[in-house]
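Breakdown of the fold
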Amino acid sequence: METSKQDNSCFKRVSIGLLTALLSVGVAKSFAEDKDVKGMQSIQFRKVIDLSHIISTSIPLWPNDPPMTFDVVASQEKDGYYLRRFSMGEHSATHMNAPNSFHPNAIGIDAYKPESLVRPAVVIDIRTQSRNNPDYVIGIQDIEQWEQAHGRIDQGSVVLFYTGWQALWDDPKRFINEDAKGPHFPGVGAATTKFLLEERGIAGVGIDTHGADPGQDSVYGTNSQILAKEGIVLECLTNLDQLPAKGTTLVIGVLRLKEGSGSPVSVMAFVP
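What comes next is a walk through the structure. Since this is a predicted model, take the numbers as computed values, not measurements. (Residues numbered from 1 in each chain as written. Predicted model: local features only at pLDDT ≥ 70, side-chain atom pairs only at ≥ 80, totals over all residues. Heavy atoms only, no water.)

Further remarks concern the pattern of salt bridges. Counting across every chain of the model gives four salt bridges. Among the ionic pairs, Arg127 bridges to Asp125, the shortest N-O distance being 2.7 Å. Its relative accessible area of 32% is what places Arg127 among the partly exposed residues. (Salt bridge = Lys/Arg side-chain N within 4 Å of Asp/Glu carboxyl O. Buried < 20%, exposed > 50% of the residue type's maximum accessible area, 1.4 Å probe, protein only.)

Written out as structure tokens, the structure is:
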């Protein structure tokens, strides 16, 4: 009887191990066969960093965007359980923009394939350039300088720009930095985005400010170009200081809002 139990236990361990291996192979194969995530067959990591801000009623808001609100719908005392509803703009908190926010008849946030939201990432630190110039426009020279140190940006990557703005999140006035001329914060120049798309074949960009475009840019050249290709634009990221220059894998969780112009997101960075 004891031998039979040991055999059953061994069989279960082997079965579970075999199932895990088969699932792993299946996931790797599906990634390898998808042209949008070519080469991403597995994720190897030693830690996971959350790149999303906590959502509260005091988050910085884009001028004229709706406020973030919580309303208690049910309480434990009265109803036996606790429930709130919340309301916020689709482009508030850490969020991802969708093509239909800039292009009529384009897809909404609900149309992104899950596998397109798993991407390698690089981090370009431009704090020195933006420290004394809130209107700094990230240029091609910043890309070339990074590549001299770290090598060519891989095709299909999301390029994250660390401006240092994440440190201002708890001070909404300074984070938006608005005056009579509008918001002031650094962002990616349109020519730089064109270079990254055409010469490096990137999947998108992310930044720790409230816009991938510079605050003073009313044309939104970066958003427009990337979203025309149904790429990824992440804004209001945080914890970029905890990531290496290259090697990170992003997993982006969107709210699949039907025809949404964007969505608050949970962005997990898997760090090797």
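Contact geometry for helix H6 (residues 190-199) and helix H7 (residues 221-228): axes closest at 8 Å, N-to-C directions at 25°. One way to sum up the angle between H6 and H7 is to call them roughly parallel. For H6 against H7, the interelement crossing comes out right-handed. Between H6 and H7, the contacting residues are Ala190, Thr193, Lys194 and Leu197 on the first element and Gly221, Thr222, Gln225 and Ile226 on the second. Classifying every residue of the contact of H6 with H7 gives three nonpolar, four polar and one charged. (Axes fitted to C-alpha atoms, helices over the stretch in contact; angles between N-to-C directions. Helix = DSSP H or I, 4+ residues; strand = E, 2+ residues; numbered from the N terminus. Parallel < 35°, antiparallel > 145°, perpendicular 65-115°, else oblique. Left-handed = near helix turned anticlockwise from the far one by under 90°. Contact = heavy atoms within 4.5 Å. Nonpolar A, V, L, I, M, F, W, Y, C, P; charged D, E, K, R; others polar.)

A few words now on the nonpolar core. Within the largest apolar cluster, 45 residues are counted, with the highest numbers of intra-cluster contacts made by Leu51, Leu160, Phe161 and Leu250. Looking at this core element by element, the count peaks at five residues for strand E7 (residues 158-162). Among the nonpolar cores identified, the runner-up in size contains eleven residues, and Ile59, Trp169, Ile176 and Phe185 belong to it. (Core = buried A, V, L, I, M, F, W, Y, C linked by side-chain atoms within 4.5 Å.)

The next thing to look at is H6. Residues of H6 that are buried: Thr192, Thr193, Phe195, Leu196 and Leu197. For H6, the secondary structure elements touched by its buried residues are strand E6 (137-138), helix H4 (140-150), E7, strand E10 (187-188) and H7. Phi turns positive one or two residues past the end of H6, at Gly201, with a value near 60°.

The next subject is unusual backbone geometry. At Asn64, a residue that is not glycine, the phi angle is positive and equals roughly 75°. By the element assignment, Asn64 lies in the loop between strand E1 (47-50) and strand E2 (69-74). Despite not being glycine, Cys236 shows a phi value in the positive range, around 65°. Here Cys236 is to be found in the loop between strand E12 (232-235) and strand E13 (246-254). By relative accessible area, which is 0% here, Cys236 ends up buried.

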